[in-house]
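# Understanding the architecture of this molecule
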Amino acid sequence: MQTILNQLVYFGFFQSVFLLVTYFVSSKKRKYINEFMIVFVFVVTIGLLGKVIYNTGVFGENFRFISLSELSALLFGPTIYLFTNSILHKTKFSKTDLIHYVPGISYSLFVFIYFVIPEDMVLGDRIKTGELQRVIYACHAVGLIVNITYWYLGVKVFKTFIRASKNEISYELHTRFITMFLYVTGFCLLLWTVLLVTSFFGFPMLERNARPYIWIVLTFIILFINYYLMISPQVLKEIPSIKLKKYTQSKLNDSDLEKLKLELNELMVKKKPYLNNKLLKTELAKMLGVNSPELARLLNESIGMNFFEYVNYYRIKEFVSLAETEKGKQLTFFGLAQEAGFNSKTTFNKSFKKLMGVSPSVYFTQNT
């Protein structure tokens, strides 16, 4: 088993180096690789470097090289958060982002001073007294706390973005790869936490033996995402740039809102903008002759729906109308839904059931 793990470490290390070289040498590939993902690759390269040197035995079996892998421990969590935020909000790496790496840099300095610099005799004394093992456990605990905190911040950013998107776009976002990334990294951190806790109950070898496998899994996740984004860069383009603006300073009074409500209803009936399956709130606002915050106020205060619900309400009405035509009778439910402006079967089914109270099949069975 150890031989297989060593081979995976070598493979992961050389793939990481290859990606770093590709990023810095190929300007064409560079534009397809997220900057924070390169930070990820750099982090895992550092983490794997110590293991590679230790496994090869070039400088003897000196555990100091294993401690090099700990230098990347607290850099992982902040990068999860920054990567997620950059993908969703289309942000670039800036100097202010460096503040999130302060804990990781401080941690790395401590590891270097405590584990790498001291002489063998000093480290031997620490091992005999049990101090070294206690410090290792403390370091892992601190690492987990920081990483889990930043992972949670990444999840929070993701959930906030999804909620906000309902007020800006009329379709379901394709964010499966981000969702899976957060799920898998979260699971690895949870597993590591459980194993660390078992160490305090007399099972130290569980965490010690499992930790390398957890890190190698995270390594291959990061490598996979990098290659995936290079091969399929359109995935990032499917996430629109959403800029939220408050409408608290809107000068529209109740009379203006009521008038706009009638105009919007007329617009939806006559021009049917909802047939555009990628309709954005900014586009509908322009058609109505107002700005985006004013349309948001109209929808939220006067109509009682967010943009996503409002547009899909009209799509459902269009779907029901089309179903009664001769053309509609030749199409499947999803075929009809696409004609009505939906681009996702899941979104259609959820929206239909929320509005009608039953699924499409049950609805038409009851109304035949």
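Rules of the game
Residues numbered from 1 in each chain as written. Predicted model: local features only at pLDDT ≥ 70, side-chain atom pairs only at ≥ 80, totals over all residues. Heavy atoms only, no water. Helix = DSSP H or I, 4+ residues; strand = E, 2+ residues; numbered from the N terminus. Buried < 20%, exposed > 50% of the residue type's maximum accessible area, 1.4 Å probe, protein only. Contact = heavy atoms within 4.5 Å. Core = buried A, V, L, I, M, F, W, Y, C linked by side-chain atoms within 4.5 Å. Phe/Tyr/Trp six-rings, centres within 6.5 Å; stacked < 30°, edge-to-face > 60°. Lys NZ or Arg CZ within 6 Å of the ring centre and 35° of its normal. Expected span 1.5 Å × (residues − 1). Arc of directions from axis to C-beta. Polar contact = N/O pair within 3.5 Å; in protein donor to acceptor, adjacent residues only side chain to side chain.

With that settled, consider the overall build of the protein. Counting its secondary structure elements, the protein contains 18 helices and zero strands. Expressed as a percentage of its 368 residues, the buried residues of the protein come to 46%. In the protein, of all internal contacts separated by at least 6 residues, the share reaching a separation of at least 24 is 71%.

Even without a glycine there, the phi angle at Lys90 is positive, about 55°. Here Lys90 is to be found in the loop between helix 5 (76-89) and helix 6 (102-116). A positive phi angle, close to 50°, is found at Lys272, a residue other than glycine. Assignment of secondary structure puts Lys272 in the loop between helix 12 (254-271) and helix 13 (281-288).

Our focus in this paragraph is the nonpolar core. Core analysis: the biggest nonpolar cluster contains 62 residues, and Phe40, Phe83, Ile178 and Phe181 have the highest contact counts within it. Elements supplying a minimum of two residues to this core: helix 1 (2-25), helix 3 (35-56), helix 5, helix 6, helix 8 (131-165), helix 9 (176-199) and helix 10 (204-231). Counting residues per element, this core draws most heavily on helix 8, which supplies 11 residues. Contacts of Ile178, omitting those with residues within four sequence positions, involve Thr84, Ile87, Leu88, Phe158 and Ile239. Formed by 19 residues, the second largest nonpolar core is a distinct cluster that contains Tyr274, Leu279, Leu298 and Val311.

It is worth spelling out the packing of aromatic side chains at this point. Scanning all chains against the criterion turns up 17 aromatic pairs. Ring centres of Tyr313 and Tyr314 lie 5.2 Å apart, and the angle between their planes is 80°; on these two criteria the pair is classed as edge-to-face. In this structure Tyr313 comes out as partly exposed when scored by relative accessible area, which is 27%. When its relative accessible area of 6% is taken as the criterion, Tyr314 is described as buried. Every member of this aromatic cluster is reached through a ring pair, and the members are Phe319, Phe333, Phe342, Phe348, Phe352, Tyr363 and Phe364. Directly above the aromatic system of Tyr114 lies the positively charged group of Arg126, at a separation of 4.0 Å from the ring centroid.

Here we take up helix 17 (residues 345-356). Look at helix 17: 16 Å from first C-alpha to last across 12 residues, which is about the 16 Å you get at 1.5 Å a residue. Of all the residues in helix 17, the buried ones are Thr347, Phe348, Ser351 and Phe352. Buried residues in helix 17, looked at end-on, bunch into an arc of 125°, giving them a common side. Residues of helix 17 that are exposed and angled more than 90 degrees away from the buried face: Lys345, Lys350, Lys353 and Lys354. Looking at the buried residues of helix 17, the elements they touch are helix 15 (307-323), helix 16 (333-339) and helix 18 (360-366). Where helix 17 begins, the capping side chain belongs to Ser344, and its oxygen is found 3.4 Å from the backbone nitrogen of Thr346. Backbone geometry just downstream of helix 17 places Gly357 in the positive-phi region, at approximately 85°.

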